[in-house]
Amino acid sequence: MHPQEFAHQKRLRQQDAQWEDFYRRLAEYKEKHGDCIVPRKYEADPKLANWVEQQRILWNKENKLEMQQQQRQQQQQQLQLLDQVDKALDSGESTPPADSDVQFNT
């Protein structure tokens, strides 16, 4: 293993161990208090409060990205369905002529 890769792996193991330690502390907090709502100024373990806040920020970002991805997938599926119904969408000919009897319900 290359020295840089070894150092990187070591850092990852340390980060994992630190994350697991905070997770354990949060589980203990929940057992004691009945929830995971650690006050920002939790005197018994101020670092735990900061860690929980960071985890929530990461969780919210991840959920937002996942929702955006799901919306994009849904839009792609909808466009594919429209394309199946009207191949003219690809060519820009989907608008009926002005004298057409076609009406759109919205």
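Data block above holds the structure.
Residues numbered from 1 in each chain as written. Predicted model: local features only at pLDDT ≥ 70, side-chain atom pairs only at ≥ 80, totals over all residues. Heavy atoms only, no water.

### Looking at the packing of helix 1 (residues 3–33) against helix 2 (residues 46–85)
Helix packing geometry: the angle between the two helix axes and the distance between the axes.
Inference 1: Between helix 1 and helix 2, whose axes approach to 10 Å, the crossing angle comes to 105°. Comparing their axes, helix 2 and helix 1 come out roughly perpendicular. In contact with Trp-19, Phe-22, Tyr-23, Arg-25, Leu-26 and Tyr-29 of helix 1, helix 2 contributes Lys-47, Leu-48, Trp-51, Val-52 and Gln-55.
Inference 2: Taken together, the residues of the contact of helix 1 with helix 2 break down into eight nonpolar, one polar and two charged. (Axes fitted to C-alpha atoms, helices over the stretch in contact; angles between N-to-C directions. Helix = DSSP H or I, 4+ residues; strand = E, 2+ residues; numbered from the N terminus. Parallel < 35°, antiparallel > 145°, perpendicular 65-115°, else oblique. Contact = heavy atoms within 4.5 Å. Nonpolar A, V, L, I, M, F, W, Y, C, P; charged D, E, K, R; others polar.)

### Points about the packing of aromatic side chains
Inference 1: Applying the stated criterion across every chain, the model contains four aromatic pairs.
Inference 2: Aromatic side chains Trp-19 and Trp-51 sit 5.7 Å apart centroid to centroid with 70° between the ring planes, which places their arrangement in the edge-to-face category. With Trp-19 in helix 1 and Trp-51 in helix 2, the pair connects residues that are 32 residues apart, well separated along the chain.
Inference 3: Judged by relative accessible area, Trp-19 falls into the partly exposed class, the value being 40%.
Inference 4: Residue classification places Trp-51 among the buried positions, given a relative accessible area of 11%.
Inference 5: Here the aromatic residues Trp-19, Phe-22, Tyr-23 and Trp-51 are joined through ring pairs into a cluster of three or more. (Phe/Tyr/Trp six-rings, centres within 6.5 Å; stacked < 30°, edge-to-face > 60°. Buried < 20%, exposed > 50% of the residue type's maximum accessible area, 1.4 Å probe, protein only.)

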